[in-house]
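# Descriptive structure summary
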Amino acid sequence: HRFGQRFLSPTINMWFKQDDFIKFCCDLKHYISCELVFINEEEYDYPVAKLDDIYLYFNHAKTKDEAAENWNKRKSRINYDNLYILLYDRGNVSKEEYLRLNDVVQLHM
């Protein structure tokens with residue numbers, strides 16, 4: 001954004017629980033191929049969707065349609081040959097999860 005570039009990742013302006021984010025990264029093509037299924041989640045005042053067995057929280061979208069439109073537009077821009085994974089660890093990512101994520105990253109390098 002700071003460099004005036006368009007967003008290439010569908011995960012911009014949304015969040016995952018950490019274990020779901022790791023699952024997403026470790027099987028990216030599978031999750032990207034799944035359709036968003038929006039759920040009624042009264043705990044949040046923004047759209048929440050499922051992709052297979054993980055949850056996505058669209059905290060910057062006002063509507064389900066806006067969230068879906070941004071997700072679908074941006075997922076088509078993914079360059080699988082040039083990925084950068086940024087994970088903010090809140091202290092509950094296990095060593096095994098780090099190793100699993102590292103194995104996936106190394107496999108694709």
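These remarks concern the structure in this document. (Residues numbered from 1 in each chain as written. Predicted model: local features only at pLDDT ≥ 70, side-chain atom pairs only at ≥ 80, totals over all residues. Heavy atoms only, no water.)

Moving on to helix H3 (residues 64–75). Taking 1.5 Å of rise per residue, the 12 residues of H3 would be expected to cover 16 Å, and the 16 Å separating its terminal C-alpha atoms lies within 8% of that figure. Of all the positions in H3, only Ala67, Ala68, Trp71, Arg74 and Lys75 are classed as buried. Buried residues of H3, seen end-on, are gathered within an arc of 145° and therefore sit on one face of the element. Turned more than 90 degrees from where H3 packs its buried face, Asp65 and Glu69 sit exposed. Considering only its buried residues, H3 is in contact with helix H1 (18–26), helix H2 (28–33), strand S1 (37–39), strand S2 (48–51) and strand S3 (54–57). (Helix = DSSP H or I, 4+ residues; strand = E, 2+ residues; numbered from the N terminus. Expected span 1.5 Å × (residues − 1). Buried < 20%, exposed > 50% of the residue type's maximum accessible area, 1.4 Å probe, protein only. Arc of directions from axis to C-beta. Contact = heavy atoms within 4.5 Å.)

Further remarks concern the side chain of Arg74. Relative to the elements of secondary structure, Arg74 occurs in helix H3. No salt bridge forms around the buried Arg74; measuring N to O, its nearest opposite-charge neighbour Glu66 is 7.7 Å away. (Lys, Arg positive; Asp, Glu negative; His and termini not counted. Salt bridge = Lys/Arg side-chain N within 4 Å of Asp/Glu carboxyl O.)

This paragraph deals with the sheet that holds S2. Strand order in the open sheet formed by 3 strands is S1-S2-S3, with antiparallel pairing between adjacent strands. The open sheet has two edge strands with one neighbour each: S1 and S3. In this sheet, neighbouring strand axes are inclined to one another by 35° on average, regardless of whether the strands run parallel or antiparallel. As paired elements, S2 and S3 share 4 bridges and run antiparallel to each other. The partner of Lys50 across the bridge, within S3, is Tyr55. (Pairing = 2+ DSSP bridges. Axes fitted to C-alpha atoms, helices over the stretch in contact; angles between N-to-C directions.)

Further remarks concern the pairing of S2. With 3 bridges connecting them, S1 and S2 associate as antiparallel partners. Its bridge partner lying in S2, Val37 is registered against Lys50. If you look at the hairpin formed by S2 and S3, you'll find 2 residues sitting between the two strands, and Asp52 has a positive phi there, around 55°.

Here we come to the state of the cysteines. Counted according to the given criterion, the structure contains 0 disulfides. Cys26 forms no disulfide, and the closest cysteine sulfur to it belongs to Cys25, at a distance of 6.8 Å. Taking relative accessible area as the criterion, Cys26 reaches 17% and is therefore assigned buried. (Disulfide = S-S within 2.5 Å.)

Within this structure, the stated rule accounts for 1 salt bridge. One salt bridge connects Asp53 with Lys23, and the closest N-O pair in it is separated by 2.8 Å. Residue Asp53 is located in the loop between S2 and S3, and its partner Lys23 is located in helix H1; the two are separated by 30 residues in the primary sequence. We classify Asp53 as partly exposed; its relative accessible area is 34%.

With that out of the way, let us pick up the nonpolar core. Counting 25 residues, the largest nonpolar core has Phe24, Leu36, Leu51, Leu56, Phe58 and Trp71 as its most contacted members. Those elements that provide at least two residues to this core are H1, H2, S2, S3, H3 and helix H4 (95–107). Ranked by residues supplied to this core, first place goes to H1 with 5 residues. Other than its neighbours up to four places away in sequence, Phe58 contacts Asn13, Met14, Leu36, Phe38, Tyr46, Pro47, Ala49, Ala67 and Trp71. (Core = buried A, V, L, I, M, F, W, Y, C linked by side-chain atoms within 4.5 Å.)

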